[in-house]
Structure formats: C-alpha cells, structure tokens
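So you can see what is in the structure, the chains are spelled out below.
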Amino acid sequence: MLLEVRNLTVRFGSKTVVDGVSFDLEASSRLGIIGESGSGKTLTTLAIIGLLPETAKVSGSVTFEGQELLGLADRDFSAIRGNRIGMVFQEPLTALNPLMRVGKQIAQPLRNHQGVTLKEGLKRAMELCARVGLPDPDRIIRSYPHQLSGGQRQRIGLAIALACSPALLIADEPTTALDVTVQKEVLSLMNSLVAEEGSSLIFVSHDLPVVASITERVAVMQNGEIVELASVNSMFQDASHEYSRKLIQAARTSDAEFGHFTESPSA
C-alpha cells in the first residue's frame, strides 16, 4: 500500500476540523476528495504533506511507503515533499515565487533532491515545459510568474510537482481559478501525465463532475468526516449517504453533460 491514513484528526484549539479520517491509496491509483468549503478536504491533504500551521494539533497515523509521516522532523519531511510527493495548489500565482524566474523554480526540486547543477536543471526545466504543453520553453523559463497566464502558471505548477517523478501527486482544486476551456486542457494534461508517470493521485475539489472525470474512487467529506467512500461508478449509481446524493443531484442540475463525467478514467 502506498499511502495509509488512519483516524487522522486535526484540531485548532477546541475546534475539530478533520475528524477521524481513514483511507488507503494503492500505487498508481486515483482518489478524489470532494466536499463544500470548510469540509476539511484541503486540511486533510496539508496534514498528509506536513504543511499545516504550527497551531494545528494532529493525531492519528499517515504512513507513506511504509514510513510514518506524522511527527516527522521537517528536515526529514523535506526529503519526501517535492520528491516522492508532489503538490499542485489551487492558485499558482500565490504558490510560485514572484521574484524568481520560473525556470529556476522548476529546477529547484531537481537540484534539491537529485543534485543536478543549475545548468542541467534549467535544461530539464525546458524539457518539462515542453512536456506540459507550454510553447517556446526558452522564453517561458526566463519569465516571471506575473508574465504568464493563469493556465500557463498552473502548467508550471504541474511541471514543478512532477519534476522528480513522485510516487504521489496531490492536486488541491488545481483548476478552480481557470476558465472552462483552460480547465479542461489542464485536466486532460494532468490525466495523461499521471498515467505516463504511473503516479498515484489525490485530487481535491468541490466539483463532482471534475473529480469523476479524473479519478477512480471518491471520498465525500462533510464537517471534517468522510461520510462515503466508493468507486466513481458506484457513487453515481447508488450513493448511500444523503449528502452524496445531494452533490450528485446538484451536479446533474447544473451540468447538462453530466453523464460525460461519470466514466472512470481509462488510465
């Protein structure tokens, strides 16, 4: 098993924001985590990769590749984060360093984890830009984040996350800030790249059709708990929890092409 999460609980003071979350993720598999704002889905992923604020109290167990991550020293975690686990954030403009050219940012995990030189890192950065579908990679790597479009920045974020060929990619609402056309392009790109790498994927979203288009299983979160965990097809055909059924009905109402999203990804 690649990732095992057991009774993960996150508290801020007396408030419990993630409450006893448990799930498994096999190698090369895909899990969607869906829920409304404040359901605890993003905090669950931040707990997994050790990026919660210091004020958070975390308990339970998160085992990745046989290693317990909760309580791991930050120096030890830094050898995993960006290397064995990659992360794509919701808003790449805030995730990227505004004062650093994007080529150096793509090269950074390669330099940190694979010991490549800056010259070699920039060469690899150009290759990664081309791989994520960015035109004129030579120009792109010399650009600053503000000089790129939202879709281009998100592709840069994907290039950074996949630079070291991680075993697990976590994508936290990666297409929310994009328009519909660019959203579909980025989703298709992520789908194909994850398949090529053989990486596992945790895809976090509030959008059920989007989750269904790229994952195999869905965990529905409400008030910090997973209220239902099932395959995509099972969820749509026979959701057992009332909240899951409401999400499905809302998606059907808002999207005339909802049926397009109910297929599990072929990869």
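Above this text is the structure in question.
Residues numbered from 1 in each chain as written. Predicted model: local features only at pLDDT ≥ 70, side-chain atom pairs only at ≥ 80, totals over all residues. Heavy atoms only, no water.

Draft legend 1. Region of interest: the pattern of salt bridges. Counting across every chain of the model gives 11 salt bridges. Across the salt bridge formed by Glu 65 and Arg 84, the nearest N and O atoms sit 2.5 Å from each other. With Glu 65 in the loop between β4 (56-64) and β5 (67-68) and Arg 84 in the loop between α2 (74-77) and β6 (85-88), this residue pair connects regions lying 19 residues apart in the sequence. One salt bridge in this structure joins Arg 139 and Asp 136, with 3.6 Å as the shortest N-O distance. Owing to a relative accessible area of 34%, Arg 139 belongs among the partly exposed residues under this scheme. Shared partners join several salt bridges into a network, and the residues in it are Glu 4, Arg 6 and Asp 24. (Salt bridge = Lys/Arg side-chain N within 4 Å of Asp/Glu carboxyl O. Helix = DSSP H or I, 4+ residues; strand = E, 2+ residues; numbered from the N terminus. Buried < 20%, exposed > 50% of the residue type's maximum accessible area, 1.4 Å probe, protein only.)

Draft legend 2. Fine view of the packing of aromatic side chains. Across all of its chains, the model carries 0 aromatic pairs by this definition. The ring of Phe 77 carries Arg 81 above its face, with NZ or CZ at 5.0 Å from the centroid. (Phe/Tyr/Trp six-rings, centres within 6.5 Å; stacked < 30°, edge-to-face > 60°. Lys NZ or Arg CZ within 6 Å of the ring centre and 35° of its normal.)

Draft legend 3. Structural context of the pairing of strand β1 (residues 3-12). Two elements, β1 and strand β2 (residues 15-25), share 7 bridges in a ladder whose sense is antiparallel. Residue Glu 4 lies in a different strand from β2, and its bridge partner there is Asp 24. Joining the antiparallel neighbours β1 and β2 is a turn of 2 residues, in which Gly 13 adopts a positive phi near 65°. As paired strands, β1 and β4 are joined by 8 bridges and run antiparallel to one another. Bridge pairing in β4 links Leu 3 to Phe 64. (Pairing = 2+ DSSP bridges.)

Draft legend 4. Quick peek at the side chain of Ser 61. Its place among the elements puts Ser 61 in strand β4. At 2.6 Å, the side chain of Ser 61 and the side chain of Glu 68 are in polar contact. Apart from the residues within four sequence positions on either side, Ser 61 is in contact with Glu 4, Val 5, Arg 6, Glu 68 and Leu 70. (Polar contact = N/O pair within 3.5 Å; in protein donor to acceptor, adjacent residues only side chain to side chain. Contact = heavy atoms within 4.5 Å.)

Draft legend 5. View of the sheet that holds strand β8 (residues 200-205). Spatially, 6 strands are ordered β6-β7-β8-β3-β9-β10 in an open sheet, and the strand pairing comes out mixed. Pairing within the sheet leaves two strands with one partner each, and these edge strands are β6 and β10 (225-231). This sheet shows a mean twist of 15° between the axes of neighbouring strands, independent of strand direction. Pairing of strand β3 (residues 30-34) with β8, which is carried by 5 bridges, proceeds in the parallel orientation. In the sheet register, Leu 31 faces β8, and the bridge partner there is Ile 202. Strands β3, β6, β7 (168-172), β8 and β9 (217-222) of the sheet are contacted by helix α1 (residues 41-48), whose axis makes an angle of about 145° with β8. (Axes fitted to C-alpha atoms, helices over the stretch in contact; angles between N-to-C directions.)

Draft legend 6. Highlighting the packing of helix α4 (residues 102-114) against helix α5 (residues 118-131). Where α4 meets α5, the closest approach of the two axes is 8 Å, and the angle between their N-to-C directions is 120°. On the basis of the axis angle, α4 is oblique to α5. Here the hand of the crossing between α4 and α5 comes out right-handed. Judged by residue contacts, Gly 103, Lys 104, Ile 106, Ala 107, Leu 110, Arg 111 and Gln 114 of α4 engage Leu 118, Gly 121, Leu 122, Arg 124, Ala 125, Leu 128 and Cys 129 from α5. Its residues placed into classes, the contact of α4 with α5 shows 8 nonpolar, 3 polar and 3 charged. (Parallel < 35°, antiparallel > 145°, perpendicular 65-115°, else oblique. Left-handed = near helix turned anticlockwise from the far one by under 90°. Nonpolar A, V, L, I, M, F, W, Y, C, P; charged D, E, K, R; others polar.)

Draft legend 7. Looking closely at the packing of α4 against helix α7 (residues 150-162). For the pair α4 and α7, the least separation of the axes is 7 Å and the interaxial angle reads 25°. Considering their axes alone, α4 and α7 lie roughly parallel with respect to each other. Remark: the crossing between α4 and α7 carries right-handed chirality. Side by side, α4 and α7 meet where Val 102, Gln 105, Ile 106 and Pro 109 of the first sit next to Ile 156, Ala 159 and Ile 160 of the second. When its residues are assigned to classes, the contact of α4 with α7 shows 6 nonpolar, 1 polar and no charged.

Draft legend 8. Here's a closer look at the pairing of β3. With respect to burial, β3 is a largely interior element, 5 of its 5 residues being buried. Sheet analysis places β3 next to β9, joined by 4 bridges and oriented parallel. If you follow Gly 32 over to β9, its bridge partner there is Val 218.

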